[in-house]
Structure formats: structure tokens, C-alpha cells
Amino acid sequence: MYLLPTTMPTASLPDKAPPPPPVEVHDLTVAYHTRPVLWDVDLSLPDGKLIAVVGPNGAGKTTLLKAILGLVPISAGWIKVFGSPYAEKRESVAYIPQRTSVDWDFPTSALDVVLMGTYGRLGWFRRPGAAERERAMHCLQRVGISELARRQISQLSGGQQQRVFLARALAQDARLYLMDEPFAAVDATTERAIVQLLRELRDQGRTVVAVHHDLQSVPEYFDWVVLLNLRLIAAGSVREVFTQTNLQRTYGGQLKILAQAADALLRREEGRP
Amino acid sequence: MSWLPDPTVLEGLALVGATSGALGCFAFLRRQSLLSDTLAHAALPGVCLAFLLTSAKGDAVLLGGALLAGVLGSLLFLAILRGSRLKQDVALGIVLSTFFGVGVVLLSMLQGGVDPQPHTLRDWLAQWFGLRDPAEKPVNLRTWLLQTVDFEGTGRQSGLKHFIFGQAAFLSTEYLWLMRILGGVVLGGLVLFYKELKLLSFDADYAATLGFRRRVLELIFATLIVLVVMLSLRAVGVVLTVALLVAPAAAARQWTERLGVMIILASLFGVLSGVGGAFWSRHVEHSPTGPIVVLAATLLLCMSLLVAPGRGLVWNWVRLWRHRRQVRQENLLTDFYRLGERQRDWRRARATSDLAAVRQGAEPSVRHTLRQLAARGLAQSEGAHWRLTEPGLDEAVRVVRNHRLWELYLAKRLELALDHVHRDAEAMEHVLPPEVISELEETLENPELDPHGHPIPRAQAEA
């Protein structure tokens, strides 16, 4: 940017054009082995909000997160993160996978896992040093388990493991946090601590997107909600979108048609009757 | 110093052990130990083709062929995983059998067992790839094989036999240099990519989101595995390379909770197995070195599984035995309590036979447990009778209280039928931690009676 003279007309552009949204999804279709799990999703997520992704099992919630992160191949459509492809904005995004997606019997300590959050900035070959260690310790402190830094990760409770994952994402110092069920199977204390932390992040102007299962706590915890069931049902502020009608459309039976269509497609690909 | 094994063999096996052990940790943690087995088998066609195409006898060329075939095999494996629905085990099976099958065919041709004019094939291939002047006089393949592959010169298939079982006793000084270079590359790669390999092994998806591309990481890992396989091929053979990757790593895992320490330990175990195998086969006649090395590694693994602190089986047994002893003691304390409940006199001395009758136990074993309680100061004997001491009564009250609180919780909160709750509480009364008990008291609002109508006792200090 410093190459541009300030007098150039482009310099005034940022004032007029709004900053690109954290996530912009256009006509996205994702299929696992020819079976679509997300159909034609259009979505634009606002900046600085706590956003819940809600829907029944198999609705494609995790797939949506993974598609944003480039972890699953996209069949059609495109996704932009802060106005660019994910690969270019990687350092602005932190991912918290489902806690059960890793083997916690791995021979490593809580601090070590949090340190992994600094690997992205370090890049290939460089090892974490004192500065990274200090940052990791600070992040453990923020999630309230700094005293467990040296603990082997299998000896942590489920809630503590979830906090370790949160601390690892904090260590990335991102602007957008994508969390897959951060509240799954955690104790009440941890849940309160996580909510507190998410609010802190939002108050710093960061965006949090979390796959969430407990419908009751959506209005209390989140500002925004994305209702998903193979396709996008609705997205918007909790007050406007989180309605009985929309929930019925999300969890109700009308989507049988989509599921049947997916099955038909699958059968044809496999040559079955 | 005739008791020392050939230093070349010794160093070679130590190198194999160190590198296999270190890299094996990642294979073990990724549950991909069979990848090394597959890639080892995949090396055979590479060795044969390298000879066919270049007619060079040098080990470096043959190992180069093995490297190429191994990398090809791993690429095919990764492609199958990405491009099809086949699972990992099937993909490994396909790569292993295809490559090894091709290799066996090529080897049979080379050895002249099948093809009457093996050099024609070689010339044809060489010409096809433009690698060699077809006018050059072909070497006699049979002679070459007898010299380099079939050391014993005992028959056609011994080339394959050596490939499969190794021939550590015949490591040459030149070959050792190759091994040193390979070993250096592997250990260097491990140091260079330690962080990345750790990330890949723990959370591959997360690694990808950080910008460490999955395919690149997988390929680095597979290449390192191929290098280790090449390194150990001559020494322990195809079939046993996988054992040297897995056994030291699995053994090391038992002793530590830190990856760095685990890698160093596994290397040490590997070296120990290599050196041990070298000594063994030096002093015991007719003992094949490779298998002995593997047996040594397996022995280390078995010992680790048995005695490693925290994880070992012996520790489990000790824990279990302690728990059972605690359960026997606590059960006897509650028996005292329940006997006393009828007359509301918990301090009375009881006959051993009465105590044994509560659970239809054998009197000698009850006496044995009573003596243990006495040693802990919880019971004391009065002739043939026994009574609880004050600390003993406190302990009995604690356990009975746990039992009845849990029964009440099951009946009230989980709405289980009354005849279902006792057995569960029998197990839980010994293990409920104090935090849970106080939480139970809170949710049940300090109850007085259990679901059967028995009073829930309190500690004397409180009462």
C-alpha cells in the first residue's frame, strides 16, 4: 500500500466501499462422494458478531466450516474470507475442531498443544521460541488453566481439553474464529468460561462462528444465527431469524425431498435401481 | 577380540535401529505402521528395474530404484485414498500386492528361472528407455545375481529370500557408507520437520488450516519411511522392517508422555536391539541376524508393556489388587455397621462367624481382612471377637453414607426401580470422591433416609 501516492483517487475508496465481510459464501455446493451435503448456499456473515450455526445432525454444519477452511473440496460456488480466498487470509482465521476429532492420548502437554497455534506464523522449519512460549502461557491463562500447562493432555477433563483447544486458537490471534461444537460435553463452569471468552473476543471486534447444538441457549449466547439443513434455511440476527417457523423449517420433515433427491443421485452414480 | 561382532555389522544394525526407532514414533502415533510394510514390499520391483535399466551392480543404483518405487508406491497409496472410497487398509493392500507381485515376476525373469533369455528383456527395456547402447555386450545376469543378490549361491529363489529376510552378516564397508548417508538424511529430516510431523500426527486438519499442506506433509512422511525402509532392507529384510519401526516406538510410548523423549527412547531401544542382535548372532551359531534383532526389539516391548510405570500391566495388576483389598476392607466395615444397626449399638464386639455370615464369606478370609483393618487401627480384637475402633466407625459411617446417598440419587433423580439401585451403589460407595458426595448432598437437600427407609448416617463430628 505504501507504493500508492496518497493523492491517488483510490486512496479514498476504503471510505466508501464497506470492508469485505469475514465470510462470504456464494452458491456453494459440497458433495462427499457424489452425495451432496450442502446445496446452493449463499451466505454473508457480519463482522464482530457471535454467530451460531444451528441445524439437525447431518445438516452440513461441520462441512460448512470445513469448506470455509478449504478442508473439503467444493463442488460448485466460491467462498471468500475477508474478501479473498482462504489461503491468502489464513493468518486471520483460527479453527477449533471438534474435541473428539483428535487422539488425546498423544504424548504431549497442554502447553505444547497451545504452542501449535503459533506454528502458522512460524511457517516451515522455524521452531517456537521463548516469545511463542510466553504467548501460549498467556493464552492458557486467558482460558483459566495455566496451572495445567505441563499436564499430559489425556489427563485433562473434557472441559479442560476444550479450553486447551480454545487457547490454541487464541494463540493464533485471529480476526475470525471458526469453532466446531465448542460447548459439546463440557461442564457448566467451562461453558460459562467459554461464553465469557467469546464475548471478550466479540468486544475486541472479532467474529466468532460456532456450530451449536443447544437451541435454548442460542438467544442468550449469540447475536446472529445461521439455520442450516442441507441448504440454508435462514441467516440473520437472532431476534429476526430465530423464530418458531424457521426452526420448524430447519428441523421439520419437509427436507425429506432433498434427502431423497440426494439418495436418488447417489443411486444413479452407483448404477443401482 | 573375537567376542566382538564385525564392527561393520554392529554399526549398520545400530544405524537401522536408531532411525527406525525415531521415525517409527510418528508411524506408531499415526497408526500407519503398515505403510512401512507396504513400502518395503514396493521396493522390490524398483531394485529389479534399476538393474534392468542400467545394468549397474552398484548398491547406490539399486537403492535408488528402491527409493523411486517406494515413493511411487506412496503416491499411489495417497491417490487411492483421495480419489476413491476405499479405506486405508485396502489401499495399502492394493499397493503392497501389486508392487510386490510385479517385483517377484521381474526377479524371476532376472534369475533366469522363467525367462530363458533374461538379458534380452533387459536390453529391450534399456533400449526402450534409451539408457544403454544396445551394441554393448550384455553381462551375464545369472553370474551377477549369484555374486550380489544370492550370496550363498544355493539356488534360484535365494535372491528373493534375502530380500525378504535380510542378510546382515554380509554388510560391506561400502554399503555401510550408503547406510550412514541414508541414516543422516533420515535423522536430519526428522530434526528439520519435527514440528510439522508432530502437527500432522496430532491434528492433520488443523495443520492444513495453518498452511501446512496435507499432501506435502504426507509425502515428506512417506519419503522418510521409504528411506528408513531402504536403510534396513539389507540388514533385516522386507518382512521385518515394520517390526523395527513399531516395536521400539510402542515400547518407548509406555515410559513417557512427551514426544521428544519418546523419540530418543525409541532410538535407544532400536540401537539396543540392533547391537543385541549382532552380539547374539555372533555367538550363537545358525542364528539369522535380522530376526534376532527383531526378537530383541519385541522383547523390549514386552518388558515395557509389563513394567513401565503408570501404563504397564504389572502396575494395573497392583492397582486392581489394591482396589480389591480396599473394597474387601470397606465392605467389612459396612458389615459391622449394618450388624450394629439392628440394636443401634455399633461398638459391640462381633464374632468372626457373624461377620462372615453377612456376605456368606469364608471365615479365614474375613479374619485376614480383620487383621488388615486392625493394622490400620480401624478394628481391634477381643479374644475371638472383633470390634470397631472410633476411627473405624467413622470410616464405616462414611462408606454407608456414600452407599445410601447414591441409592437415593439413583431412585429419586434417575427414577430407577428400588431393586436396581443396591448393586450399583455397592460398586460406587468405594469410589465416589468427596466433591461428588457434597454435590449429591446439595441436590438431594441433605436427606435423612435412603429409598429403602434406612437412615443415612452422618459422621459423628457432625452429629
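Criteria and cut-off values
Residues numbered from 1 in each chain as written. Chains lettered and ligands numbered in written order. Predicted model: local features only at pLDDT ≥ 70, side-chain atom pairs only at ≥ 80, totals over all residues. Heavy atoms only, no water. Helix = DSSP H or I, 4+ residues; strand = E, 2+ residues; numbered from the N terminus. Contact = heavy atoms within 4.5 Å. Salt bridge = Lys/Arg side-chain N within 4 Å of Asp/Glu carboxyl O. Buried < 20%, exposed > 50% of the residue type's maximum accessible area, 1.4 Å probe, protein only. Buried area = accessible area lost by both parts, 1.4 Å probe. Polar contact = N/O pair within 3.5 Å; in protein donor to acceptor, adjacent residues only side chain to side chain. Nonpolar A, V, L, I, M, F, W, Y, C, P; charged D, E, K, R; others polar. Phe/Tyr/Trp six-rings, centres within 6.5 Å; stacked < 30°, edge-to-face > 60°. Lys NZ or Arg CZ within 6 Å of the ring centre and 35° of its normal.

Before going further, it helps to examine the side chain of Ser92(A). Looking at the element boundaries, Ser92(A) is found in the loop between strand 4 (76-81) and strand 5 (93-96). Not counting residues within four places of it along the chain, the set of residues in contact with Ser92(A) comprises Phe82(A), Ala174(A), Arg175(A) and Leu176(A).

Here we take up the pattern of salt bridges. Applying the stated criterion to the full structure yields 29 salt bridges over all chains. For Arg202(A), the salt bridge identified is with Asp223(A), shortest N-O distance 2.7 Å. Of the two residues, Arg202(A) is situated in helix 7 (residues 188-203) and Asp223(A) in the loop between helix 8 (218-221) and strand 8 (224-229); the sequence distance between them amounts to 21 residues. Of the charged contacts in the structure, one is a salt bridge between Arg367(B) and Glu363(B), with a shortest N-O distance of 3.7 Å.

Turning our attention to unusual backbone geometry. Peptide bonds are trans in most cases, and residues, glycine excluded, mostly fall at negative phi. Look at Phe82(A): it is not a glycine, yet its phi comes out positive at around 50 degrees. Along the chain, Phe82(A) turns up in the loop between strand 4 and strand 5. A positive phi angle, near 50 degrees, is found at Gln360(B), a position not held by glycine. Relative to the assigned elements, Gln360(B) resides in the loop between helix 15 (352-358) and helix 16 (363-375). Judged by its relative accessible area of 73%, Gln360(B) is exposed.

Residues and elements named next belong to chain B. Topologically, Leu-440 is positioned in helix 19 (residues 434-443). The spacing of Leu-440 and Trp-406 is 34 residues in sequence and 7.8 Å in space, taken between C-alpha atoms. Residues within four places of Leu-440 in sequence aside, it is in contact with Leu-405, Trp-406, Tyr-409 and Leu-432.

All names here are of chain B. By secondary structure assignment, the location of Leu-34 is in helix 2 (residues 33-54). Looking at Leu-34, the relative accessible area reads 53%, which means it is exposed. Placed 58 residues apart in sequence, Leu-34 and Leu-92 show a C-alpha to C-alpha distance of 7.5 Å.

A few words now on the interface of chain A and chain B. Each partner contributes to the interface: chain A provides 35 residues, whereas chain B provides 32 residues. In total, chain A and chain B occlude about 3000 Å² of area from one another, counting both sides; carbon and sulfur atoms represent 62% of this. A salt bridge links Arg253(B) to Asp105(A), with the nearest nitrogen and oxygen atoms 3.4 Å apart. Counting across the interface, chain A meets chain B through 15 residue pairs in polar contact (both at pLDDT 80 or more). Looking at the side of chain A that touches chain B, the elements that each hand over two or more residues are helix 3 (110-115), helix 4 (119-122), helix 6 (158-170) and helix 11 (256-270) of chain A. Of the residues forming the side of chain A that touches chain B, the biggest block, three residues, is contributed by helix 4 of chain A. The residue makeup of the side of chain A that touches chain B, split by class, is 18 nonpolar, eight polar and nine charged.

All right, on to the packing of aromatic side chains then. Under the criterion given, the structure shown has 11 aromatic pairs over all chains. Judged by centre distance (5.0 Å) and plane angle (45 degrees), the rings of Trp104(A) and Phe165(A) are tilted. With a gap of 61 residues between them, Trp104(A) in the loop between strand 5 and helix 3 and Phe165(A) in helix 6 connect regions that are remote in the sequence. Both rings, one in Trp124(A) and one in Phe193(B), keep their centres 6.2 Å apart while their planes meet at 90 degrees; by these two values the pair is edge-to-face. Of the two residues, Trp124(A) is situated in the loop between helix 4 and helix 5 (130-142) and Phe193(B) in the loop between helix 8 (173-192) and helix 9 (194-202); the pairing between them involves two chains. Using a relative accessible area of 29% as the deciding quantity, one classes Trp124(A) as partly exposed. Grouped by ring-pair contacts, the aromatic residues Trp104(A), Phe106(A), Phe165(A) and Phe202(B) constitute a single cluster. Above the plane of the ring of Trp177(B) lies Arg180(B), whose end atom (NZ or CZ) is 4.5 Å from the centre. The ring of Tyr119(A) has Lys195(B) sitting right over it, with the charged end atom 5.4 Å from the ring centre.

From the geometry alone we can't say anything about function, so treat these as descriptive.
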